[in-house]
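Working through the structure, step by step
Each chain, letter by letter, is given below.
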Amino acid sequence: MPSSGHRLRDVEHHPLLTENDNYDSSSSSSSEADVADRVWFIRDGCGMICAVVTWLLVVYADFVVTFVMLLPSKDFWYSVVNGVVFNCLAVLALSSHLRTMLTDPGAVPKGNATEEHMGSLQLKPGEVIYKCPKCCCIKPERAHHCSICKRCIRKMDHHCPWVNNCVGEKNQRFFVLFTMYIALASVHALVLCGLQFVACVRGQWTECSGFSPPVTVILLVFLCLEGLLFFTFTAVMFGTQIHSICNDETEIERLKSEKPTWERRLRWEGMKSVFGGPPSLLWMNPFVGFRFRRLQTRPRKGGPEFSV
């Protein structure tokens, strides 16, 4: 037990790291400003494939909407208005996807469970702290270890392969925006598909598309299936995320039935804590807080993430 009177709890009863340990803690010695100046990215094969597939499906939907349905239309304003709306939704969705994927979800610095760091915490006598035996860090309240990111994540909700990242304290708002914009774009695409089918049937499939009737049917049917699947998945995820935020309870905490030891921020207070500030149109903007990062390679050990 440390001399300060506090207690360290560790599932595997690992001692605190000392200066003679083999763990390389140089990667966690950067300042907060230095960490914030790097791009977060997880090098997970499955996650990267899922992220690429997501982008390709959105690009496919944009191609069908633009070149199969809108450009051949004889109604100029119908094409312009729907083209602008759908492309704006697609851009906002992909931007939210990028912000979710490239934003640090709230990773706890590795290897900070040292005597020196413990002394700097100014802990009260008898206070219990927890150490993760997997990434050798002191776990803050509500933090959980992700086996894919190889890090402890503050307020970790879940790891989503479609964004190749954990959804946590710092990127949950972008994940919510991603699901919302994908759901809206899916509904818009389904409505346009229905109108296009009606127009093609009435015109007996002549001049309703620049492609042949069989190709047009295949493209539209595939887009309808994609839209239905995307809408179902993202609408459910959007609903569960809003429910979690309004109840100040992550998905992991709900599944584990963890009793809250923190002061809950319910409903609007929870929304304000995630999206920042009072309700405004800025909540809908995935570009808020964006700034160009420093492009400098920084190899790291002990985990699949890298920073640039």
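By the naming in an unreviewed UniProt entry, the protein goes by Palmitoyltransferase and is assigned to Delphinapterus leucas. Check the Catalytic activity (unreviewed entry) section of the UniProt entry for the protein; it says "L-cysteinyl-[protein] + hexadecanoyl-CoA = S-hexadecanoyl-L-cysteinyl-[protein] + CoA".

A few words on the UniProt feature "transmembrane region" (unreviewed entry) in the protein. Annotation from UniProt places "transmembrane region" (unreviewed entry) at residues 48-70, 76-94, 174-197 and 217-238. Secondary structure content for residues 48-70 is 100% helix and 0% strand, while the C-alpha to C-alpha distance between its ends is 32 Å. Secondary structure content for residues 217-238 is 100% helix and 0% strand, while the C-alpha to C-alpha distance between its ends is 31 Å.

So, on to the environment of aspartate 104. When you line up the elements, aspartate 104 lands in the loop between helix H3 (76-102) and helix H4 (115-120). In this structure the C-alpha to C-alpha distance between aspartate 104 and valine 167, which are 63 residues apart in sequence, comes to 9.3 Å.

How two helices sit against one another is set out by the angle between their axes and by the gap between those axes. Helix H6 (residues 213-247) packs onto helix H2 (residues 45-70) with a crossing angle of 135° between their chain directions and a minimal axis gap of 10 Å. In terms of axis orientation, H2 runs oblique to H6. For the element pair H2 and H6, the recorded crossing hand is left-handed. Across from Leu57, Val58, Tyr60, Ala61, Val64, Val65, Val68 and Met69 in H2, the residues of H6 making contact are Thr216, Ile218, Leu219, Leu220, Phe222, Leu223, Glu226 and Phe230. Considered class by class, the residues forming the contact of H2 with H6 number 14 nonpolar, one polar and one charged.

The next thing to look at is the pairing of strand S6 (residues 151-154). Across four bridges, the pairing between strand S5 (residues 143-146) and S6 is antiparallel. Residue pairing for S6: histidine 144 is matched across the bridge by isoleucine 153. With antiparallel pairing between neighbouring strands as the criterion, S5 and S6 make up a hairpin whose turn holds four residues, including lysine 150 at a positive phi of roughly 60°.

About the thresholds
Residues numbered from 1 in each chain as written. Predicted model: local features only at pLDDT ≥ 70, side-chain atom pairs only at ≥ 80, totals over all residues. Heavy atoms only, no water. UniProt positions renumbered as here; feature names shortened; annotations may be inferred. Helix = DSSP H or I, 4+ residues; strand = E, 2+ residues; numbered from the N terminus. Axes fitted to C-alpha atoms, helices over the stretch in contact; angles between N-to-C directions. Parallel < 35°, antiparallel > 145°, perpendicular 65-115°, else oblique. Left-handed = near helix turned anticlockwise from the far one by under 90°. Contact = heavy atoms within 4.5 Å. Nonpolar A, V, L, I, M, F, W, Y, C, P; charged D, E, K, R; others polar. Pairing = 2+ DSSP bridges.

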